[in-house]
Amino acid sequence: MGRRRVAQLLLASLLAGGALVSAPLRALAGERPPGRLLAQATPTQPAQPRVTAPGAVRLYVPFNAGGESDASARNFQKSALRSLEGRGLEIIYLTAEFGGAAGRTVQEAPPDGGTLLLARVASLAVLPAISPRTTPAWSDLTVLGVLDQAPLICFVRAGSPFRTVRDLQAAMAAQPGRLRFSVAGPNTVQAIAVRYLLSLSGLPADAARPVHFNQGTQLTQAVLNGEADFACNTPRSVLPLVEAGQLRPLLTTAQGRLKALPRLQNAAELGLRDMQNLQAWSALLGPPGMPPATVARWRGILEQVAADAEWVIATEALGAAPRIRAIPDPAQFLRQQAHFYERLVTLLGLQQ
């Protein structure tokens, strides 16, 4: 299967799940109520959400409720509400156009600080590189800050014959197309990570076959269940199963060693250049042209969130690191990520 066909299949898998869900969250209760399906959204004409809390800040999330972007948004919402002086903060899930509709909605909103985007690496760096016409780039918006960041862990089942990355590479080289890897959307960092691993291993894009799922937790479970042979995912769904002896980690894209898995080698140690740039992160952005005073107000709120011990604990519970203070120049960080994925998408032949 050629690279262009792989990209088409991956994009089709995400298109099948494009829908709009809006759910005002009970932030003070710390729980996620069920979302309400307001309307089906087509790739070219997303439905317009109805905001049920007049005056509330609208925080658009480009992925469905229940995933890591949702968890990051809810963590931020709960902490930020303490600084909004009763204004309220409503989360709106807008997944149409592969998540691009959320970015465009924020891009077209008034720059008054009342409409924001909870962007993920997939929606703000990968998708613009794959399909530039689908979604605005980071530079088309006002960058407020990077919230959190998590490395990937590539893994197999505990009973797998593959004990190292070299074992996995050798098996794919010996029998191309036999092994399966699980993915949850074409423009996810997890899917790109496997494609890049194949490329760095000198293997063609069809050396392993993708198995498609709707959410990141499902792709981890697929490996556990034997529906896939390997995958790469964030620590949130991988670490508990590694600690339970059910999954075997092969590598991490962490900059150093993971505290929870100090013996696990990182990509650089294994000679897999640049894979450490593959990180899952969340960022907060607003419409272009936000007045300096409005930007300063939101960055002040981010500082208060960063100092909130409850937010730090909740973020780390997701297997992510708090990054509001650790990345003092978020625009430079997003610029570097955008350039990395532009090069990577070209290398892997995933442009649309």
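Rules and cut-offs
- Residues numbered from 1 in each chain as written.
- Predicted model: local features only at pLDDT ≥ 70, side-chain atom pairs only at ≥ 80, totals over all residues.
- Heavy atoms only, no water.
- Helix = DSSP H or I, 4+ residues; strand = E, 2+ residues; numbered from the N terminus.
- Contact = heavy atoms within 4.5 Å.
- Areas by Shrake-Rupley, 256 points an atom, 1.4 Å probe, with all protein chains shown as cover.
- Phe/Tyr/Trp six-rings, centres within 6.5 Å; stacked < 30°, edge-to-face > 60°.
- Buried < 20%, exposed > 50% of the residue type's maximum accessible area, 1.4 Å probe, protein only.
- Pairing = 2+ DSSP bridges.
- Right-handed = clockwise from strand over helix to strand, strands pointing away.
- Axes fitted to C-alpha atoms, helices over the stretch in contact; angles between N-to-C directions.
- Parallel < 35°, antiparallel > 145°, perpendicular 65-115°, else oblique.
- Nonpolar A, V, L, I, M, F, W, Y, C, P; charged D, E, K, R; others polar.
- Disulfide = S-S within 2.5 Å.
- Core = buried A, V, L, I, M, F, W, Y, C linked by side-chain atoms within 4.5 Å.

Novice: Could you give an account of the overall build of the protein chain, with specific residues and numbers?
Specialist: What the protein chain contains, in helices and strands, is 11 helices and 13 strands. When contacts within the protein chain are restricted to residue pairs at least 6 apart in sequence, those whose partners lie at least 24 apart make up 76%. Only carbon and sulfur atoms are counted for the fraction: they give 51% of the accessible area of the protein chain, which is about 14,300 Å².

Novice: I'd like a rundown of the packing of aromatic side chains, residues and numbers included.
Specialist: Per the stated rule, a full pass over the model turns up 4 aromatic pairs. Ring geometry for Phe181 against Phe230: centres 5.8 Å apart, planes inclined by 40 degrees, an arrangement best described as tilted. With a gap of 49 residues between them, Phe181 in strand β8 (residues 180–183) and Phe230 in the loop between α7 (216–225) and β10 (231–233) connect regions that are remote in the sequence. Taken as a pair, Phe181 and Phe230 share a single burial class, namely buried. Both rings, one in Tyr196 and one in Phe340, keep their centres 6.4 Å apart while their planes meet at 70 degrees; by these two values the pair is edge-to-face. Placement of the pair is Tyr196 in helix α6 (residues 189–200) and Phe340 in helix α11 (residues 330–348), with a sequence separation of 144 residues. For Tyr196, a relative accessible area of 1% gives the class buried. By relative accessible area, which is 6% here, Phe340 ends up buried. Of the aromatic side chains, those joined through ring pairs into one cluster are Tyr196, Phe340 and Tyr341.

Novice: If you had to explain the pairing of strand β4 (residues 89–94) to someone new, which residues and values would you point to?
Specialist: Successive side chains on a regular strand alternate, one facing one side of the sheet and the next facing the other. Counted residue by residue, β4 has 6 buried out of 6 residues, so it is predominantly covered. The pairing of strand β3 (residues 57–61) with β4 spans 5 bridges and is classified as parallel. Among the inter-strand pairings, Leu59 is bridged to a residue of β4, identified as Ile91. The parallel pair β3 and β4, bridged by helix α2 (residues 68–80), forms a crossover whose chirality is right-handed.

Novice: Provide a residue-level description of the packing of α7 against helix α8 (residues 235–243), including the pertinent values.
Specialist: At a minimum axis separation of 9 Å, α7 and α8 run at an interaxial angle of 30 degrees. By the angle class used here, α7 and α8 are roughly parallel. Contacts between α7 and α8 pair Gly216, Thr217, Thr220 and Leu224 from the former with Ser237, Val238 and Leu241 from the latter. Considered class by class, the residues forming the contact of α7 with α8 number 3 nonpolar, 4 polar and no charged.

Novice: Any details on the state of the cysteines? Residues and values, ideally.
Specialist: By definition, a disulfide links two cysteine residues through a covalent bond between their sulfur atoms. Counted according to the given criterion, the structure contains 1 disulfide. Bridging Cys154 to Cys232, the disulfide has an S-S length of 2.0 Å. Since a negative S-S torsion denotes a left-handed disulfide, the Cys154-Cys232 link at about 100 degrees is right-handed. With Cys154 in strand β7 (residues 153–157) and Cys232 in strand β10, the pair connects residues that are 78 residues apart, well separated along the chain.

Novice: Report on the nonpolar core, specifying residues and quantitative values.
Specialist: Of all hydrophobic cores here, the largest spans 65 residues; its most connected members are Met172, Phe230, Leu278, Leu334 and Tyr341. A per-element tally of this core places α6 first, with 9 residues. In this structure, Phe76, Leu84, Leu144 and Leu147 belong to the second largest nonpolar core, which totals 24 residues.

Novice: So what about the sheet that holds β7? Which residues, and what values?
Specialist: Spatial strand order, β10-β7-β11: 3 strands in an open sheet with antiparallel pairing. Two strands close off the open sheet at either side, each with one partner strand: β10 and β11 (247–252). For this sheet the average axis-to-axis angle between neighbouring strands, irrespective of direction, equals 35 degrees. Across 3 bridges, β7 lies against β10 in antiparallel orientation. Paired with Phe155 across the bridge in β10 is Ala231. On the sheet, α7 packs against β7, β10 and β11 and is oriented at approximately 140 degrees with respect to β10.

Novice: Provide a residue-level description of unusual backbone geometry, including the pertinent values.
Specialist: For Phe98, which is not glycine, the phi dihedral falls at a positive 60 degrees. Relative to the helices and strands, Phe98 is located in the loop between β4 and α3 (100–107). Here the phi dihedral of Asp274 falls at roughly 70 degrees; this positive angle occurs in a residue that is not glycine. Along the chain, Asp274 turns up in the loop between β11 and β12 (279–286).

Novice: Before we move on, can you summarise the environment of Ala73 with the specific residues and values?
Specialist: Note that Ala73 resides in helix α2. Other than its neighbours up to four places away in sequence, Ala73 contacts Leu59, Val61, Ile91 and Leu118.

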